[in-house]
Amino acid sequence: MPVALLSSRALIAVTGPDARPFLHNLLTQDVETIAPGELRFGALLSPPGRLLFDLFILGTEDGLLLDVAADRRDALIQRLSMYRLRAKVEIAADDRPVHAGWPVPEEGFIDDPRTPALGGRLYGEAAADANEDDYNRHRLAVGVPDPTNDAPQDKTYPIEADFDLLNGIDFRKGCFIGQETTSRMKRRGTIKNRMMPLSFDGAPFEFGAEVLNGELRAGQVLSGQDGVVMALLRVDRLDGDLTVDGRPVRLHRPAWMGEEAPSSNA
């Protein structure tokens with residue numbers, strides 16, 4: 001099983017008697033029922049319902065551990081501290097490293113809550129024999145977006161980044177920041193865009209490059225590597241011949257999307 005150190009990720013420890021209810025009222029995920037050792041996926045949204053921080057939530061004996069983008073950790077600590085008010089919680093950086101292993105997690109790794117195909121995550125020291133590019137190549141092959149790189153902060157709705165299909169939103173838990181917009185999109189089926197992978201021959205395209213279906217705009221390229229990129233695509237323009245910068249691209253509908261996601265003949 002390849003193991004990669006994810007230097008782009010960092011940890012925040014949230015502890016204290018109010019740790020669970022405090023985060024439960026903020027995040028898209030049910031936090032109060034997380035058992036020690038259990039990992040869930042979620043996000044902190046803006047009040048209008050757009051993505052600010054994607055994160056994993058690990059239950060611990062004395063609270064919770066948040067797995068977040070390393071370059072956004074300080075900003076998230078600051079925002080959580082702003083929401084803390086009189087809650088009895090402590091919010092502090094945790095310097096343990098984050099590792100990913102795939103395709104099947106070994107002892108010490110916790111199953112990735114988004115989809116079993118991604119493997120697992122480990123918080124602490126581990127012997128790494130792969131790098132983060134290797135892990136991202138696997139993630140793109142599974143067809144899962146990386147919200148930190150694919151969703152500009154406060155610009156993207158979580159459902160556009162497939163959070164509803166990747167176990168990142170609990171629609172039964174009650175209130176969270178941005179819930180009204182998120183629940184309305186899901187309930188009314190007003191989902192116009194989805195992140196999905198595109199494959200092609202050669203080097204990746206620039207972030208933001210236009211995806212065309214014939215002469216119609218079908219979306220934009222996000223992050224990626226040689227031969228595969230993530231793209232934000234209009235769900236009504238998936239069928240047909242897609243191109244980027246005049247080069248043909250092939251749409252792949254990941255298996256984990258199930259029947260809820262748009263179909264395509266690509």
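Calculation criteria
Residues numbered from 1 in each chain as written. Predicted model: local features only at pLDDT ≥ 70, side-chain atom pairs only at ≥ 80, totals over all residues. Heavy atoms only, no water. Helix = DSSP H or I, 4+ residues; strand = E, 2+ residues; numbered from the N terminus. Rg over C-alpha atoms; globule rule 2.2 N^0.38 Å. Contact = heavy atoms within 4.5 Å. Areas by Shrake-Rupley, 256 points an atom, 1.4 Å probe, with all protein chains shown as cover. Lys, Arg positive; Asp, Glu negative; His and termini not counted. Charge placed at Lys NZ, Arg CZ, Asp CG, Glu CD. Phe/Tyr/Trp six-rings, centres within 6.5 Å; stacked < 30°, edge-to-face > 60°. Buried < 20%, exposed > 50% of the residue type's maximum accessible area, 1.4 Å probe, protein only. Lys NZ or Arg CZ within 6 Å of the ring centre and 35° of its normal.

1. Notes on the overall build of the chain
Across its full length, the chain holds 5 helices and 15 strands. Taking 2.2 N^0.38 as the reference for a compact globule, 266 residues should give roughly 18 Å; the C-alpha atoms of the chain span a radius of gyration of 18 Å, in line with that estimate. Summarising the internal contacts of the chain: among those between residues at least 6 apart in sequence, 67% fall at separations of at least 24. Of the roughly 12300 Å² of accessible surface on the chain, a fraction of 47% belongs to carbon and sulfur atoms. Within the chain, the 41 negative side-chain charges are centred at a point lying 8 Å from the centre of the 30 positive side-chain charges.

2. Digging into the packing of aromatic side chains
Across all of its chains, the model carries 4 aromatic pairs by this definition. Judged by centre distance (4.6 Å) and plane angle (20°), the ring pair of Phe41 and Phe163 falls under stacked. One end of the pair, Phe41, is in strand 3 (residues 39-45); the other, Phe163, is in the loop between helix 4 (147-150) and helix 5 (179-188), and 122 residues separate them in sequence. With relative accessibility at 2%, the residue Phe41 sits in the buried group. One aromatic cluster in this structure is built from Phe41, Phe56 and Phe163. Here Arg114 stacks its cationic end above the ring of Phe41, 5.5 Å away from the centre of that ring. A cation over a ring is seen here: Arg121 above Phe56, with NZ or CZ 4.0 Å from the ring centre.

Remember, this is a structural readout, not a statement about activity or role.
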